[in-house]
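Residues per chain are reported as follows:
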Amino acid sequence: NAGVTQTPKFQVLKTGQSMTLQCAQDMNHEYMSWYRQDPGMGLRLIHYSVGAGITDQGEVPNGYNVSRSTTEDFPLRLLSAAPSQTSVYFCASSGLPRGKSYEQYFGPGTRLTVT
Amino acid sequence: AQTVTQSQPEMSVQEAETVTLSCTYDTSESDYYLFWYKQPPSRQMILVIRQEAYKQQNATENRFSVNFQKAAKSFSLKISDSQLGDAAMYFCAYRIADRDDKIIFGKGTRLHILP
């Protein structure tokens, strides 16, 4: 199993550009989520999904879109990049709480810089 | 709303000594899971230990153990015989057990190991 994969690992964008951060998991996990990590702020939840076709907002959703058309993939779209979106982004997945695999597995992260 | 609080932004411990990291949470739920994650300089998030709220026995994984006080809503992590490789950010996390909902993280504690 590859686990949770994220691409790209690093990205530099100019203000106003759009891009998609890719996330995929091969563990058949229903739950997937996106976090951003900034110094002193911990992990802040952007969006999450409890299954294909179902998404919901987290703590800091503004400026980001997600969709979940398959169980495996959960892309994060930046609509119009801003310097405030400079951060490290993590994707994570887990089984649902009633299952056996309810802890989250994390991808390696994407370091995004917006200039 | 559920919250997770880690009141110690940074801690230091001498190598081979024992250190305890604090975590408190606020919830009105009776069934939930709690986790400690480690994030070393490599940035990869690693599950250290997990606890089911219905279990009275504290979880243990080698040198890592927790002190789970359900009534006090406290979930501290004890690291025994601290090693240089334990230097990392440590995150406490909470998840409701009986419905599909988001997983909530604390802001983290940075642990330094002094040789």
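Whatever comes next refers back to the structure up there.
Keep in mind it's a predicted model, so treat the numbers as computed, not measured.

Conventions we followed
Residues numbered from 1 in each chain as written. Chains lettered and ligands numbered in written order. Predicted model: local features only at pLDDT ≥ 70, side-chain atom pairs only at ≥ 80, totals over all residues. Heavy atoms only, no water. 1 Å grid on protein atoms, 1.4 Å probe; cavity = no way out; pocket = protein on both sides within 12 Å on 5 of 7 lines; lining within 4 Å. Points joined across faces, edges and corners; volume = space filled by probe spheres on them. Helix = DSSP H or I, 4+ residues; strand = E, 2+ residues; numbered from the N terminus. Nonpolar A, V, L, I, M, F, W, Y, C, P; charged D, E, K, R; others polar. Contact = heavy atoms within 4.5 Å. Buried area = accessible area lost by both parts, 1.4 Å probe. Salt bridge = Lys/Arg side-chain N within 4 Å of Asp/Glu carboxyl O. Polar contact = N/O pair within 3.5 Å; in protein donor to acceptor, adjacent residues only side chain to side chain. Phe/Tyr/Trp six-rings, centres within 6.5 Å; stacked < 30°, edge-to-face > 60°. Lys NZ or Arg CZ within 6 Å of the ring centre and 35° of its normal. Disulfide = S-S within 2.5 Å. Buried < 20%, exposed > 50% of the residue type's maximum accessible area, 1.4 Å probe, protein only.

**Q** Looking at this model, I keep getting lost on the layout of surface pockets. Mind explaining?
**A** Rolled over the atoms, a probe as big as a water molecule pinpoints where empty space is left. When its volume is computed, the largest pocket comes out at roughly 510 Å³. Residue lining of the largest pocket: 25 residues in total, with A:Q37, A:P39, A:G40, B:M89 and B:R110 positioned closest to the centre. Secondary structure elements with two or more residues in the lining of the largest pocket: β4 (31-38) of chain A together with β10 (88-96) and β12 (109-114) of chain B. Of the residues assigned to the lining of the largest pocket, the class counts are eleven nonpolar, eight polar and six charged. In this structure, the second largest pocket spans a volume of roughly 260 Å³.

**Q** Looking at this model, I keep getting lost on the interface of chain B and chain A. Mind explaining?
**A** The figure often quoted for interface size is the accessible area lost as the parts come together. Chain B puts 23 residues into the contact, and the matching count from chain A is 28 residues. Overall, the association of chain B and chain A removes approximately 2,200 Å² of surface from exposure, summing both partners, and the carbon and sulfur fraction of that is 51%. Considering only the side of chain B, the residues that lose the most area to chain A are B:R43, B:R95 and B:D100, jointly responsible for 30% of the buried surface there. Between chain B and chain A we count one salt bridge in total. B:R50 serves as the salt-bridge partner of A:E103, at 2.4 Å between the closest nitrogen and oxygen. Along the contact surface separating chain B from chain A lie eleven residue pairs in polar contact (both at pLDDT 80 or more). Of all the secondary structure elements, the ones that give two or more residues to the side of chain B that touches chain A are β5 (32-39), β6 (46-52) and β10 of chain B. Sort the elements by how many residues they give to the side of chain B that touches chain A and β5(B) lands first, with four residues. Per-class residue counts for the side of chain B that touches chain A are ten nonpolar, three polar and ten charged.

**Q** Even after reading the chapter, I still don't get the packing of aromatic side chains, so can you show me in this structure?
**A** The description of an aromatic ring pair uses the distance of the two centres, along with the angle that the planes make with each other. One pass over the structure, following the stated rule, counts 16 aromatic pairs over all chains. In this structure an aromatic cluster arises from ring pairing among A:Y35, A:F90, A:Y102, A:F106, B:Y33, B:F35, B:Y37 and B:F105. Sitting over the face of the ring of A:F74, A:R68 holds its NZ or CZ atom 5.9 Å from the ring centroid. Its guanidinium or amino end placed over the ring of A:Y31, B:R95 lies 4.8 Å from that ring's centre, counting from NZ or CZ.

**Q** Hey, could you run me through the state of the cysteines in this one?
**A** Such a bond, covalent and formed between the sulfur atoms of two cysteines, is termed a disulfide. Evaluated as defined, the whole model comprises two disulfides over all chains. The disulfide partner of A:C23 is A:C91, and the gap between their sulfur atoms is 1.8 Å. Where A:C23 bonds to A:C91 through sulfur, the torsion about that S-S bond is close to -70 degrees, and the disulfide is left-handed. Linking A:C23 in strand β3 (residues 19-25) with A:C91 in strand β9 (residues 87-94), this pair joins segments that are 68 residues apart in sequence. On the basis of relative accessibility, which here comes to 2%, the residue A:C23 falls in the buried class. The class of A:C91 is buried, set by a relative accessible area of 0%. A disulfide bridge connects B:C23 with B:C92, and the sulfur atoms are separated by 2.0 Å. With the S-S dihedral at roughly -70 degrees, the linkage between B:C23 and B:C92 falls on the left-handed side. One end of the pair, B:C23, is in the loop between β3 (19-21) and β4 (24-26); the other, B:C92, is in strand β10, with 69 residues separating them in the sequence. B:C23 sits in the buried class, given a relative accessible area of 1%. Given a relative accessible area of 0%, B:C92 falls into the buried group.

**Q** Explain the pattern of salt bridges to me, please; I cannot follow it from the model alone.
**A** When the charged atoms of two side chains lie near each other, side chains of opposite charge can form a pair. Inspection of every chain in the model, using the stated rule, returns seven salt bridges over all chains. Its salt-bridge partner being B:D86, residue B:R63 comes within 2.8 Å of it at the nearest N-O pair. Separated by 23 residues along the polypeptide, B:R63 in the loop between β7 (60-61) and β8 (64-69) and B:D86 in the loop between β9 (74-79) and β10 bring together distant segments of the chain. A salt bridge links B:K102 to B:D101; the shortest N-O distance between them is 4.0 Å. Classification of B:K102 as partly exposed rests on a relative accessible area of 30%. With relative accessibility at 15%, the residue B:D101 sits in the buried group. Each of A:R36, A:D38 and A:R44 takes part in a single network of salt bridges with overlapping partners.

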